[in-house]
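A structural walkthrough
The lines below spell out each chain.
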Amino acid sequence: MDLTDDIIDWANSILIKAKVNDPTKDFCDGTVFMELIVLLMSDNETAVFGALEKFHENPSTMAYSLNNLRAVLKCLTEDEIIVDVNPLDLYRGKKQAVWQLLTVLRDKYSDTNSSEIEISGEDVKTQDKTDQLNSAADAEDNEGDATSSCLELPELEDQHAVLNINESIIILIKDGDPLCVDRQRLTKASPVFKRLIDELSFYEIEMDDFEADTVGVFLAILEEEKAKDFEKDQFREIHKMSVVFEVLWLQISCRSWLRGKIKRRMGNEEKLYVFEECLFILRKWEENFLMDMLISKIVCDDNTQFVMEYLKDLKKVDSIQIDLMLRISVRDNKLFLQIIQQNLVDETTLHKNIKYLLQKFDVVFCWAEHNDLYTQVLEQIRNLQDISVEDLKFVVEISTETIKQSKLHHSQRIDYSI
């Protein structure tokens, strides 16, 4: 029997059954998978693990490859070749998984009544060689772990192991190896995961929009069903994942965690952190409760330094942030005139945010209480080297309106005194 040709024909049939798109490209899309099968049967350890390196040549195709590998393993099961291996372990080239696959394939494609198989004219002691390789695999997989016991191949029932490919889900993460997670953990915790996995039959879920470490924390929280301690720089992503995947109890826990921060006495650094998290929630989900709570807590503080630092570069903020700073500082006109002066230094044009801020002023109050500073600001703007005609017209209008309102206010004061 030409065992190699037989295995190639069989591998081709498996790939066809798995409906793999292109049987000539990439790992487990055809040639590499067939080459692996042949090499596994050859007992050539160097060649086998050389082939395994091909698994990692193009990480961008990993999700596609894992899906195809699952399809192939499922077809193997239907062909009564049942392998107890995690597809992710096989993809990573773990020797334990590879040799488990080797054992079952030999069981299928060799004379089970003989202790030897003829391969390319060379007799190989199957059981002895397999035991030797299993021992080597165990030693390597556990190298450096003095406290762990050696891994052993599971005992096969009727020369087969049970393939459990439907009990775990692959989570694809940013800049790291995928995570293999129990499906029940996901479907129990999240209606979104339940829809994706149970209704849409997703084998893999991409979570590469989030940091890998934070995804790990999120999954651990789902497993323990309680919000464990996490770093404050992980809060935003954990809270976002709780909303995206509709984990209601975790959303509540995250909001409670942030409210606890708001209630404490804060320095400027902590105040900035809490403000940015409340701002993110306000922008992302248009929920202002936490921002209102924060402002009501800090509005009586001296926020001069905090606001000055936050608005030191008006070009980097938008109207929402400016309005919130106005609320925090209780519209301290003098403070905002100083902020505008600071932002006009070395400028040649008038930025839209300075115009926006000027429109928020009580011009009568500015004229009455901060006449010199207000006049200096307007003069600075008029003297900008590249000021546009439109912006110059804007300054003239503000000046005219200031004089007009001041005269009216002065007239009303005279009438009242008479």
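This structure is a prediction, so every number in the text was calculated from the model and none was measured. (Residues numbered from 1 in each chain as written. Predicted model: local features only at pLDDT ≥ 70, side-chain atom pairs only at ≥ 80, totals over all residues. Heavy atoms only, no water.)

**Describing the overall build of the protein**
The helix and strand tally for the protein stands at 21 helices and 5 strands. Residues classed as buried in the protein amount to 44% of the 418 residues present. Across the protein, every contact between residues at least 6 apart in sequence was considered, and the portion connecting residues at least 24 apart equals 66%. A total of about 23000 Å² of accessible surface is found on the protein, and carbon and sulfur atoms cover 47% of it. (Helix = DSSP H or I, 4+ residues; strand = E, 2+ residues; numbered from the N terminus. Buried < 20%, exposed > 50% of the residue type's maximum accessible area, 1.4 Å probe, protein only. Contact = heavy atoms within 4.5 Å. Areas by Shrake-Rupley, 256 points an atom, 1.4 Å probe, with all protein chains shown as cover.)

**Topic: the side chain of K355**
Mapped onto the secondary structure, K355 falls in helix α18 (residues 352-358). Each residue touching K355, except ones within four places of it in the same chain, is listed here: L350, E390, D391 and F394.

**Description of the packing of aromatic side chains**
A complete count under the given rule lists 7 aromatic pairs for this structure. The interplanar angle of 80° and the centroid separation of 5.2 Å between the aromatic rings of F275 and Y310 together place this pair among those described as edge-to-face. Here Y310 lies in helix α15 (residues 304-310) and F275 lies in helix α13 (residues 268-285), a separation of 35 residues in the sequence. For the pair F275 and Y310, a shared accessibility class is recorded, and that class is buried. The rings of F193, F218 and F245 are connected pair by pair, giving a single aromatic cluster. (Phe/Tyr/Trp six-rings, centres within 6.5 Å; stacked < 30°, edge-to-face > 60°.)

**Description of the pairing of strand β4 (residues 179-182)**
As paired elements, strand β3 (residues 168-172) and β4 share 4 bridges and run antiparallel to each other. Bridge pairing in β4 links I169 to V181. Hairpin connection, β3 to β4: the antiparallel pair is bridged by 6 residues, and D175 has positive phi, about 50°. (Pairing = 2+ DSSP bridges.)

**Details of helix α11 (residues 235-244)**
α11 sits mainly inside the fold: 7 of its 10 residues count as buried. For α11, the full list of buried residues reads F235, E237, I238, H239, M241, S242 and V243. Along its buried surface, α11 packs onto α10 (212-224), α12 (248-263) and α13. Positioned one or two residues after α11, E246 has a phi angle of 55°, which is positive.

**Brief notes about the pattern of salt bridges**
As enumerated under the stated definition, the model contains 18 salt bridges in all. A salt bridge links K174 to E211; the nearest nitrogen and oxygen atoms lie 3.1 Å apart. Taken together, the positions of K174 in the loop between β3 and β4 and E211 in the loop between β5 (204-206) and α10 put the pair 37 residues apart, joining distant regions of the chain. The exposure class assigned to K174 is partly exposed, which follows from its relative accessible area of 25%. When the shortest N-O distance is used, the salt bridge between E223 and R185 registers 3.4 Å. Placement of the pair is E223 in helix α10 and R185 in helix α8 (residues 183-189), with a sequence separation of 38 residues. By relative accessible area, which is 53% here, E223 ends up exposed. (Salt bridge = Lys/Arg side-chain N within 4 Å of Asp/Glu carboxyl O.)

**Observations concerning the packing of α12 against α13**
For the pair α12 and α13, interaxial distance at closest approach is 10 Å and the crossing angle is 140°. Relative to α13, the crossing made by α12 is left-handed. Every residue of α13 that contacts α12 at R255, W257, L258, K261 and I262 is listed here: E270, Y273, V274, E277, C278 and I281. Classifying every residue of the contact of α12 with α13 gives 7 nonpolar, no polar and 4 charged. (Axes fitted to C-alpha atoms, helices over the stretch in contact; angles between N-to-C directions. Left-handed = near helix turned anticlockwise from the far one by under 90°. Nonpolar A, V, L, I, M, F, W, Y, C, P; charged D, E, K, R; others polar.)

**What about α10?**
In this model, α10 (13 residues) spans 19 Å end to end at C-alpha, consistent with the 18 Å of a helix rising 1.5 Å per residue. When we look at burial in α10, the residues that qualify are T214, V215, V217, F218, L219, A220, I221 and L222. Buried residues in α10 make contact with β3, β4, α8, α9 (191-199), α11 and α12. Positioned one or two residues after α10, E225 has a phi angle of 60°, which is positive. (Expected span 1.5 Å × (residues − 1).)

**Observations regarding the pairing of β3**
A regular strand places its side chains so that they alternate between the two faces of the sheet. With 5 of 5 residues buried, β3 lies mostly within the body of the structure. Of the two faces of β3, both are covered, the one formed by S168, I170 and L172 as well as the one formed by I169 and I171. Relative to β5, β3 runs parallel, the two sharing 3 bridges. If you follow I170 over to β5, its bridge partner there is E204.

**Overview of the confidence of the model for the protein**
Looking at the protein as a whole, its pLDDT mean stands at 75, while 62% of the residues score no less than 70. By mean pLDDT, the top-scoring element of the protein is α15 (97), and the lowest-scoring one is strand β1 (residues 116-119) (34). The model gives residues 23-30 a pLDDT under 50, and that stretch makes 25 contacts with residues more than four places away or in other chains. Note that pLDDT drops below 50 for residues 55-61; the model gives that stretch 8 contacts with residues more than four away or on any other chain. (pLDDT = per-residue confidence, 0-100.)

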